[in-house]
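Letter by letter, the chains look like this.
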Amino acid sequence: MLRRRFASMTALALAGTMPGVASLARAEGYPSRPIRIIVPYVPGGPVDVIARLVGDSIARSTKAPVMVENRPGAGSNIGSAYVARAVADGHTLLLVPGSTLTINDALYSRLGYSPSTDFALISVIGDMPLILTVANEVPARDMQEFVRWGRRGPCQVA
């Protein structure tokens, strides 16, 4: 099941990059040098794997070398700030989950970049569902029951 889901995510990743890559490739003289995809997470994780698959697809489409560079740290803010300071010529790309550009703004007092003004979306590569779970002892079996249970007062599991 996990392998099938990964294959589906990979297909989504590759298909998702094609419209953005095709638009970039039509720009006159682009790319004029190697393209770097910055991943603000450690090598070998899901974002890194997807970046390498996307990088291969971009390299085939543009006939330009593509390098994936990991710059982890500070909840993905180090790599994100690095791309925000890079020359805005389309040769340095940032591949992150949407949460990096939405949640981090609320979590950190100084990001080193502005999520709303320092980046331009090229393509949505995939969609990852999230699952909310609770301990078996919690007397809720769906979201509505969970909210009612939480509103009754201090949440304690027996």
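Residues numbered from 1 in each chain as written. Predicted model: local features only at pLDDT ≥ 70, side-chain atom pairs only at ≥ 80, totals over all residues. Heavy atoms only, no water.

Caption draft 1: Representation of the pairing of strand S1 (residues 35-39) in the model. A large share of S1 lies buried, amounting to 4 of its 5 residues. Looking at chain direction, S1 and strand S2 (residues 66-70) are connected through 5 bridges and run parallel. If you follow valine 39 over to S2, its bridge partner there is asparagine 70. For the crossover that starts at S1, traverses helix H2 (residues 46-62) and ends in the parallel S2, the hand is right-handed. Judged from the 3 bridges that link them, S1 and strand S3 (residues 92-94) form a sheet pairing that is parallel. By the bridge assignment for S3, isoleucine 38 is matched with leucine 94. (Buried < 20%, exposed > 50% of the residue type's maximum accessible area, 1.4 Å probe, protein only. Helix = DSSP H or I, 4+ residues; strand = E, 2+ residues; numbered from the N terminus. Pairing = 2+ DSSP bridges. Right-handed = clockwise from strand over helix to strand, strands pointing away.)

Caption draft 2: View of helix H3 (residues 77-85). Within H3, the full set of buried residues consists of Asn77, Gly79, Ser80, Ala81, Val83 and Ala84. Its buried side turned inward, H3 meets S1, S3 and helix H4 (98-107). (Contact = heavy atoms within 4.5 Å.)

Caption draft 3: Summary view of the packing of aromatic side chains. Throughout the structure, instances matching the rule amount to 2 aromatic pairs. Taking the centre distance of 5.9 Å and the plane angle of 40° together, the rings of phenylalanine 146 and tryptophan 149 count as tilted. Note that phenylalanine 146 and tryptophan 149 are positioned in helix H5 (residues 143-151) at a spacing of 3 residues, about one turn of the helix. Given the relative accessible area of 12%, tryptophan 149 is considered buried. (Phe/Tyr/Trp six-rings, centres within 6.5 Å; stacked < 30°, edge-to-face > 60°.)

Caption draft 4: Just the sheet that holds S1, in detail. In space, the 3 strands of this open sheet follow the order S2-S1-S3, with parallel pairing throughout. The sheet is open, and its two edges are formed by S2 and S3, each paired on a single side. Put simply, the sheet's adjacent strands are angled 25° from each other on average, direction ignored. Across the sheet, H2 lies against S1, S2 and S3, angled at about 165° from S1, the strand it touches most. (Axes fitted to C-alpha atoms, helices over the stretch in contact; angles between N-to-C directions.)

Caption draft 5: Expanded view of the pattern of salt bridges. Inspection of the entire model under this criterion finds 4 salt bridges. A salt bridge links glutamate 69 to arginine 36, with the shortest nitrogen-to-oxygen separation between them at 3.6 Å. Of this pair, glutamate 69 sits in strand S2 while arginine 36 sits in strand S1, and the two are 33 residues apart along the sequence. The class of glutamate 69 is partly exposed, set by a relative accessible area of 22%. Owing to a relative accessible area of 21%, arginine 36 belongs among the partly exposed residues under this scheme. Residues joined in a network through salt bridges with shared partners are Arg36, Glu69 and Arg71. (Salt bridge = Lys/Arg side-chain N within 4 Å of Asp/Glu carboxyl O.)

Caption draft 6: Representation of unusual backbone geometry within the structure. In this structure, the amide linkage connecting tyrosine 30 to the following residue, proline 31, adopts the cis form with an omega of -10°. Secondary-structure assignment places proline 31 in the loop between helix H1 (2-26) and S1. A positive phi angle, close to 60°, is found at lysine 63, a residue other than glycine. Tracing the backbone through its elements, the reader meets lysine 63 in the loop between H2 and S2. The class for lysine 63 is exposed, based on a relative accessible area of 71%. Backbone geometry places alanine 74, a non-glycine residue, at a positive phi of 55°. Tracing the chain through its elements places alanine 74 in the loop between S2 and H3.

Remember, this is a structural readout, not a statement about activity or role.
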